[in-house]
Amino acid sequence: NADEEVYHDPPLIFDVLNDPAEAYPLDPDKHDDLIRHALHLMSEHKASIEWSAPLTLARDPKYLPCVNVESGCRTRPLPLDLDGGGDSIDQAEER
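Parameters and conventions
- Residues numbered from 1 in each chain as written.
- Predicted model: local features only at pLDDT ≥ 70, side-chain atom pairs only at ≥ 80, totals over all residues.
- Heavy atoms only, no water.
- Helix = DSSP H or I, 4+ residues; strand = E, 2+ residues; numbered from the N terminus.
- Buried < 20%, exposed > 50% of the residue type's maximum accessible area, 1.4 Å probe, protein only.
- Contact = heavy atoms within 4.5 Å.
- Salt bridge = Lys/Arg side-chain N within 4 Å of Asp/Glu carboxyl O.
- pLDDT = per-residue confidence, 0-100.

Asker: Explanation requested: the environment of Pro-25 in the structure shown.
Answerer: The residue Pro-25 is located in the segment before α1 (32-48) in this model. The class of Pro-25 is partly exposed, set by a relative accessible area of 45%. Spatially, the C-alpha atoms of Pro-25 and Ile-13 are 5.5 Å apart, while their sequence positions differ by 12 residues. Among residues more than four places away in sequence, those in contact with Pro-25 are Leu-12, Ile-13 and Phe-14.

Asker: Looking at this structure, how should I read the pattern of salt bridges?
Answerer: Evaluation of the coordinates by the stated rule reveals one salt bridge. Two residues, Arg-36 and Asp-32, come together in a salt bridge whose shortest N-O distance is 2.9 Å. With Arg-36 and Asp-32 both in helix α1 and four residues apart, the pair spans about one turn of that helix. When its relative accessible area of 52% is taken as the criterion, Arg-36 is described as exposed. Look at Asp-32 and you get partly exposed, because its relative accessible area is 38%.

Asker: Even after reading the chapter, I still don't get the environment of Ile-35, so can you show me in this structure?
Answerer: Relative to the helices and strands, Ile-35 is located in helix α1. Residue Ile-35 is classed as buried on the basis of its relative accessible area, which comes to 6%. Distance in space between the C-alpha atoms of Ile-35 and Leu-12 is 8.7 Å, their sequence separation being 23 residues.

Asker: Please explain the confidence of the model for the protein as it appears in this structure.
Answerer: Atomic detail in the predicted coordinates should be set aside for any region of low pLDDT. Chain-level pLDDT for the protein is 76 on average; 56% of the residues reach the 70-or-more range. Predicted confidence for residues 86-95 stays below pLDDT 50, and this span has 18 contacts to residues more than four positions away or in other chains.

As structure tokens, then:
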């Protein structure tokens, strides 16, 4: 995705059993050994990867969903049955 990556130093760690939404990071000072071990495992994993160019990050418009016929896409606008009286999603978006 196009979201900017965010790096935390030290990394955020959570107790996912008691905090499944990961809303409350654990105190890194109390879990220094866990953080060091996780960073070591991450480093080993990254060293084992055979890096290559991404195959699926291209933004070719023919692979993007589209319902606007005027833009040249191959799909048709979906019918829209709203009180506004529009007969397609495209017309509803123009309002």
